[in-house]
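Examination of the molecular architecture
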Amino acid sequence: MKWGLILAGLAAALLAGCGSSGTDMTNSGAETDASGSGSVLVLGASSLTEAVGEYAESFAGADVRTSFAGSDQLAAQIRQGAPADLFLSADTDYPAELFKAGLLEKPRVFAANELVIAVPADSDLASLSDLSRPGTKIVIGDPSVPVGAYTRTVLERLPAARREAILANVRSEEPEVSSVIAKVEQGAADAGFVYATDAKSAGDAVKSVAIPTGLQPEVAYAGAVVADSGNAEAAGEFLDGLITGGGAEDLRRAGFLPPP
């Protein structure tokens, strides 16, 4: 009888051991599994939502979690010490500033884009000049976000009279490009300055009006590993893949251009 109880106890102990998850917590709060791959939190510009989201699902180096918003909002989170492993910005300025402050490792450009004017599919607006028509409802990005800064670069290259006429038609300045394209899709705006990739992802709801080459800003996306990342190696591998790997392929399919 006693041997039966002892054997039963040993069996229960062995079963309990097999059910262990094998996880622990790093000093940054990121989970690390038995293989050491862990998890990676990626903070990405909202225009990257589709492409980076797809890449995150297929990335084999770690369990990837993503959070998308305006680049300025994400940069502010990093400055405030919010936990993160990788920052992907729709410009090079925010990563450069955070690198200078010691909050990021050296930034790397991983993609490029173009600015276009998104209009409803049935719109008769066909050129940048058409945006100066009185009564045209235009939506642009806030100057603090890259898409807003790029838009102002375009407008600053126009003759003063045309620039002022277009600015007079601006009805709102949005905190991220996803809000700009949403207002055009919903019919709340006649036109919005967005990235070519956002207009493409909107499908048949909108059409793109090209901005002349001479007025185009240089739209470059830069990424960098967060200095106090708990999983810097995997975060770096994820960024590598956006430059030359599966992530780069996802970016091209979404309409992003190779790094300049």
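Keep in mind that what you see is a predicted model, and the values were worked out from it rather than measured. (Residues numbered from 1 in each chain as written. Predicted model: local features only at pLDDT ≥ 70, side-chain atom pairs only at ≥ 80, totals over all residues. Heavy atoms only, no water.)

So, the packing of aromatic side chains
Summed over the entire model, instances satisfying the criterion amount to seven aromatic pairs. Plain terms: the ring middles of tyrosine 55 and phenylalanine 238 are 4.3 Å apart, the flat faces sit at 35 degrees to each other, and that makes the pair tilted. In this pair, tyrosine 55 sits in helix α2 (residues 49–58) while phenylalanine 238 sits in helix α9 (residues 232–244), placing the two residues 183 residues apart along the sequence. Judged by its relative accessible area of 0%, phenylalanine 238 is buried. A ring pair is formed by tyrosine 150 and tyrosine 195, whose centres lie 6.2 Å apart and whose planes are at 70 degrees; its orientation type is edge-to-face. Here the residue tyrosine 150 occupies a position in helix α5 (residues 146–156), and tyrosine 195 occupies one in strand β10 (residues 191–195), the gap between them amounting to 45 residues. Side by side, tyrosine 150 and tyrosine 195 carry an identical accessibility label, which is buried. Through successive ring pairs, a cluster of aromatic residues spans Phe110, Tyr150, Tyr195, Tyr221 and Phe256. (Phe/Tyr/Trp six-rings, centres within 6.5 Å; stacked < 30°, edge-to-face > 60°. Helix = DSSP H or I, 4+ residues; strand = E, 2+ residues; numbered from the N terminus. Buried < 20%, exposed > 50% of the residue type's maximum accessible area, 1.4 Å probe, protein only.)

As for the confidence of the model for the protein chain
Averaged over all residues, the pLDDT of the protein chain equals 88, while 86% of them reach at least 70. Counting interchain partners and residues more than four positions distant, the pLDDT-below-50 stretch residues 1–36 has 19 contacts. (pLDDT = per-residue confidence, 0-100. Contact = heavy atoms within 4.5 Å.)

Brief notes about the environment of aspartate 142
One can find aspartate 142 in the loop between β8 (138–141) and α5. Overall, the relative accessible area of 25% leaves aspartate 142 in the partly exposed class. Sequence separation between aspartate 142 and glutamate 176 is 34 residues, and the spatial gap between their C-alpha atoms is 7.5 Å. In this structure aspartate 142 touches Gly148, Ala149, Arg152, Glu173 and Glu174, once residues within four positions along its chain are discounted. Separated by 2.6 Å, the side chains of aspartate 142 and serine 144 make a polar contact. (Polar contact = N/O pair within 3.5 Å; in protein donor to acceptor, adjacent residues only side chain to side chain.)

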